[in-house]
Amino acid sequence: SGAPPPPPDLTGGHPFESPANPRKKRFGDEEEASDDDGGDELTQMKGYASLVNVPPPPSRDGGAAKTNPDTPPAFTRPAASARQHRVTLFEAYYRKQRLGFVDENEWADFFAHLRRPLPVTFRMSKMASLAVDVREAISEGEDLLYPSTNTLCKTDAGRVVRPPRELSWCGGYQLGCDKNALKYSSDFVLRRTHQWLVRHNSTGVLTRQAVDSMVPAAILGVESHHRVLDLCASPGSKTTQALELLHRRDGDGGGETAEAGEPSGCVVANDISPRRCYFLVRRCAALGAATQALMVTNHHAQWFPNPEVPLFDVASLSTKRLPKSLPEATSRYPEGAFDRIICDVPCSGDGTLRKNPQIWNEFKPEFAISLHTLQLRIAQRGVALLKVGGYMVYSTCSFNPVENEAVVAALLDKCGDSLEIVDASDRVRDLKRRPGMTTWKVLTAEDEGVITEWDSFEETQKKGAAISEGLRRAFKPSVFPPKAAGVTRLGVRMKGPPLERCMRLVPHDQDMGGFFATLLRKVKPIPGPPGGRRENTETENTETEEAFEDDAPPSSKTKPRMTEPTRKTHAYVSAREDVLASLNKTWGTDMADSCLFARDEGPTPATLTYFSPGAKAQALSAPGASRVKCVWGGARVFERRGAGVGEWKARKPVGGGSKSSETDARMTPASFVSLYRLTQDGAAVLARARVASGTTNPDPTGDRFVPMPTRDVEKLLSSFGSDVPFKHLTPGSRRACEALSPGSIVCVLKGGGADVDACPPLAVERAEDDALRLEWRYRRGLEGAPKAAAAAILRRLRENRDARG
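Keep in mind it's a predicted model, so treat the numbers as computed, not measured. Every chain is numbered on its own, with residues counted from 1 as its sequence reads. Per-residue local features of the predicted model are confined to residues with pLDDT of at least 70, and side-chain atom pairs are confined, for both listing and counting, to 80 or more; whole-chain, interface and lining totals are unaffected and use all residues. Where side-chain values are given, they derive from all heavy atoms of the structure, hydrogens and water being excluded.

Caption draft 1: Region of interest: the overall build of the protein. When its secondary structure is counted, the protein shows 25 helices and 32 strands. Summary of the burial criterion: residues with accessible area below 20% of their type's maximum are buried, those above 50% are exposed, and those between are partly exposed, where the area comes from a 1.4 Å probe applied to protein chains only. Residues classed as buried in the protein amount to 55% of the 805 residues present. For the accessible areas, the method is Shrake-Rupley and the probe is 1.4 Å, while residue cover comes only from the protein chains on display. Element-wise, carbon and sulfur atoms account for 51% of the exposed surface of the protein, whose accessible area totals about 35100 Å². Put simply, DSSP marks the helices as runs of H or I at least four residues long and the strands as runs of E at least two long, and each gets a number from the N terminus on.

Caption draft 2: Quick peek at the sheet that holds strand β30 (residues 743–749). Across the sheet, which stays open at both edges, the five strands sit in the order β28-β30-β31-β32-β29 with mixed pairing between neighbours. Each end of this open sheet is capped by a strand with a single partner; those strands are β28 (705–708) and β29 (723–725). Averaged over all pairs of adjacent strands, the angle between strand axes in this sheet comes to 40 degrees, irrespective of strand direction. Paired strands, as defined in this entry, are two strands with at least two bridges between them according to DSSP. Across five bridges, the pairing between β30 and strand β31 (residues 762–767) is antiparallel. Pairing of Ser744 across the sheet is with Glu765, part of β31. Here an axis means a line fitted to C-alpha atoms, over the contact stretch when the element is a helix, while the angle between two N-to-C directions is reported on a 0 to 180 degree scale.

Caption draft 3: Spotlight on the pattern of salt bridges. One speaks of a salt bridge when a side-chain nitrogen belonging to Lys or Arg is within 4 Å of a carboxyl oxygen belonging to Asp or Glu. Counted by the stated rule, this structure contains 30 salt bridges. For the salt bridge of Glu104 with Arg95, the shortest nitrogen-to-oxygen distance reads 2.9 Å. The class of Arg95 is partly exposed, set by a relative accessible area of 34%. For the salt bridge of Glu469 with Arg473, the shortest nitrogen-to-oxygen distance reads 3.9 Å. Of this pair, Glu469 and Arg473 both sit in helix α16 (residues 469–474), four residues apart, which is roughly one turn of the helix.

Caption draft 4: Spatial organisation of unusual backbone geometry. Cis rather than trans, the peptide bond between Ser234 and Pro235 has omega equal to 10 degrees. By the element assignment, Pro235 lies in the loop between β7 (227–230) and α10 (237–246). Look at Asp511: it is not a glycine, yet its phi comes out positive at around 50 degrees. Checked against the element boundaries, Asp511 lands in the loop between α17 (507–510) and β19 (515–522). A positive phi angle is found at Asp770, which is not glycine, with a value near 55 degrees. Note that Asp770 resides in the loop between β31 and β32 (771–774).

Right under this line is the structure:
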């Protein structure tokens, strides 16, 4: 019996490099580059920290390919001839680690799959607000997702594409080809599939995401009342998945649902890089009003502040010992603030080799050792922020046990019996997975690729050891396997950690990338470090945060510092009373107990943002919330005219006159209507607040909620972005609009039935020239999404009309 046949070629005859101009941007392309974690340049330490220039592939005529010094280096997978004569360090290293593989055939299958690009995978949204859109999308693409046996798709190279597979455990699908074959294929069915994906990805109905990246949120069991923290969130696929589960529609899982209203929980997405935070913002903005329960923060994950711990002034306190009355001064960690935590730590990223083939040449085992301490610190901080009874997923996109089981074993050792590994097999029954490793080898290859095995930590610290000084300092005792179960020491029967409960995903089991995930449960409070409270604190930018890292003894040299709030640019402040009063009078709501916030305290802030009660309580009203650097969050309800992207209208004082008198001006209903434009997300928020308040506008002729028949709404949707004169509306709609002053209004469908379910409230501009205009503004990078969403609503209304005859 020889080696098994190689897996099918998914490239469709195209090289791994995109044949398109990498600088060309068009609508729908952004999801191609960031379909999952670790697949783009913004993932930073998800892959290698620095790229090594790899020679370009040879040209077809056999000579060396010409290079352009202005273009980035080309990365290709090792050619078959090269693989026959040279074993890479990656292959040699993992053969020594074994990875639980049984024979040579399995190793051949493993490496063969790593040399193929990943197939396209995506998941359908579970949000209650998108339930109708999801059913419509699946119905529209039924012949693509569930093709008949007679339907045969072929790539441009003539290879047969297998039918899509349904991933029931995550509500997703896996196609039979990679993204290049799908995007550039001339096959009619594949072209239709690509168009279907782009259209529904733009409206949030589906999300491109790798299979392995869906695992952490799937096993975490997020419910609508949970407070969720994603410690290392960018590029955001796991964050959007958790946010969708928070707004889950009925019938998609146990626990509460958000179908009747907004969830009581929230999601906090954190990343160390401000640039990646804003990339995360753009990705989450596609979910629309669901972002009312989201906050994006910018912190080092290992020093993420606990919002439930109040600020305190230690300037006048003794530097020897803080008073025991303070929450931080107890012998245990402060109480956690989150019910669920995703701890997807920075890693070497060798599990993403199918997307990043340069790892074949760049792989170094020392990188995993250097990351081990950071990964452990982030995991420790995650456990400290977790509530008792809560769950945390520790995950990496790496095969290396030094980054995986070694970190989990060290975490269990430091937390004692406060933490336990949970067997999550029953949460993803249809996912093929392997148990965690209970023993492994610690290997380095500093000496020109020669692999050296180290038996103990003490051996690495000996004088004369063949190891660099930097790597010597990076070594920690925890990188080595823990004592095996059953070992007797001084008559005590030792029991090793149950690392076999961890989950390992390998490429050849289910045609995916490499991944590692462990579900942990905090069963009781974590004991503090031995010897009492540590006096050391960590300061990041303008904040002081308690660091729970190593079990070092207390230091009397480090003085506690003043705990300060973050910069004002990262703060949300409650909307002014006159602004709220004008809003309530104009729109017939009752938002006295406000969840409406602004970025500045001026009389005319650029935006007004709505946070759900859960998000407000967690990150804005919590005792230590001012330490949290919130980059972005909530659902934007109102935008000041002239403050939007592409608008250059000068800012005007509220009452006219000089700008110096602006701070003394009071907002009135008339000035509010003229100053602020209502967003589409804001229309949904106001409609819900209006129903919750149970009040109606005392002046029906001035009510800015205008009921319209289906005919008028269809006319607005079909004239997207263009003026619809009043004379083209039905008499009732025309009279209602003529009675209103120019500004934003909300159009709602009259009556009930299927049409109301198909069409949400629409924010429409009432122009001065007696016309209506549907404006649907999205963040930069999502400009095509509004038109696609309007077209989907219009299509549903017409289908309902045709069904009625």
